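Read off the chains here:
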Amino acid sequence: LIALGISDANGRVHDKRQAKFRQICRFSELVLESVKHLPQTGTLHIADLCCGKSYLSFAVYHVLKFIAHRDVDMICIDLKQSVMDYCEECARKMRFDGMHFLCADISEYVPACAPDMVISLHACDVATDIVLDFAAKWRASVILSTPCCQRELSTKLACESLRFIAERPILRKKFCDAATDALRLLRLECQGYTADAIEFIDPEDTPKNIMLRAY
């Protein structure tokens, strides 16, 4: 938390980082809950797709390595090389030797071995679908994904019976958000997963607070 700028040198969480701190804590809880669904022996292979500055990536690594006491090999992927370089530097300073950062397009990424867990926080629009397809293709044991800005359905919704919703922009958005996530869960279920949607964190911290979880 200190290295990532969440707290000061004394461990006090910065006022402007309180929401991020709560997000990290909640995600850590969800990761601990999922440990029982992961392989119980050997190295855990984790993929964080569209990782951004990787706050949650570091939390996941810490939880699995130092709380669950597992060997962890974690790859974090995003499109910005400068951000990946920064995260790599942070990982080395913290001696998180099992973390690796790659600048790449997730739609083109082929892992060296199948991941046991795939996570993603706020992958925009169809990027979330790419994440879920990747996870299902490689048969990840655990999937934790928080979608963001589901625009695809909104631009294509043309159903007369739903016009009473679609003609009101704010309701159209809410409907398309819910329908998109529900369809994603159905697809995961068709691929053999038990999938559900849960409230990730308080909506006062972020309106993008729905997590899709599958085992």
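Residues numbered from 1 in each chain as written. Predicted model: local features only at pLDDT ≥ 70, side-chain atom pairs only at ≥ 80, totals over all residues. Heavy atoms only, no water.

Q: Can you walk me through the packing of helix H4 (residues 126-137) against helix H7 (residues 169-190) in this structure?
A: When two helices pack together, their arrangement is given by the angle between their axes and by how far apart the axes lie. Look at H4 against H7: their axes get within 11 Å of each other, and the N-to-C directions meet at 10°. Looking at the two axes, H4 sits roughly parallel to H7. As for the relative orientation of H4 and H7, their crossing is right-handed in sense. Residue-level contacts link Thr128, Asp129, Leu132 and Asp133 of H4 to Arg184, Arg187 and Leu188 of H7. Residue classes in the contact of H4 with H7 are distributed as 2 nonpolar, 1 polar and 4 charged. (Axes fitted to C-alpha atoms, helices over the stretch in contact; angles between N-to-C directions. Helix = DSSP H or I, 4+ residues; strand = E, 2+ residues; numbered from the N terminus. Parallel < 35°, antiparallel > 145°, perpendicular 65-115°, else oblique. Left-handed = near helix turned anticlockwise from the far one by under 90°. Contact = heavy atoms within 4.5 Å. Nonpolar A, V, L, I, M, F, W, Y, C, P; charged D, E, K, R; others polar.)

Q: Please clarify how the pairing of strand S1 (residues 44-49) should be interpreted in this entry.
A: A regular strand places its side chains so that they alternate between the two faces of the sheet. The element S1 is extensively covered by neighbouring structure, given that 5 of its 6 residues are classed as buried. One ladder, built from 6 bridges, connects S1 with strand S2 (residues 72-78); its direction is parallel. Residue pairing across strands places Leu49 opposite Ile77, the latter belonging to S2. Tracing the backbone out of S1, into helix H2 (residues 55-67) and back to the parallel element S2 gives a crossover that is right-handed. Note: S1 against strand S4 (residues 117-124), 3 bridges, orientation parallel. Paired with Asp48 across the bridge in S4 is Ile119. (Buried < 20%, exposed > 50% of the residue type's maximum accessible area, 1.4 Å probe, protein only. Pairing = 2+ DSSP bridges. Right-handed = clockwise from strand over helix to strand, strands pointing away.)

Q: Explanation requested: the sheet that holds strand S6 (residues 195-199) in the structure shown.
A: Two strands in a sheet stick together by hydrogen bonds in their backbones, pointing the same way (parallel) or opposite ways (antiparallel). The 7 strands lie next to each other as S3-S2-S1-S4-S5-S7-S6, forming an open sheet whose pairing is mixed. In this open sheet, the two edge strands, each paired with only one partner strand, are strand S3 (99-103) and S6. Taking the axes of each pair of neighbouring strands and ignoring which way they run, one obtains an average angle of 15° across the sheet. Of the pairings in the sheet, the one linking S4 to strand S5 (residues 142-148) comprises 7 bridges and is parallel in character. If you follow Ala123 over to S5, its bridge partner there is Pro147. Contacting S1, S2, S3 and S4, H2 runs over the sheet at an angle of about 175° to S2.

Q: I tried to follow helix H3 (residues 81-93) on my own but got confused; where do I start?
A: Every α-helix winds through 3.6 residues per turn, so residues three or four apart in the chain are directed the same way. In this model, H3 (13 residues) spans 18 Å end to end at C-alpha, consistent with the 18 Å of a helix rising 1.5 Å per residue. Here H3 has its buried residues at Val83, Met84, Cys87, Cys90 and Ala91. Seen end-on, H3 carries its buried residues on one side only, within an arc spanning 120°. When the buried face of H3 is taken as reference, the exposed residues oriented beyond 90 degrees from it are Ser82 and Lys93. Buried residues belonging to H3 abut H2, S2 and S3. (Expected span 1.5 Å × (residues − 1). Arc of directions from axis to C-beta.)

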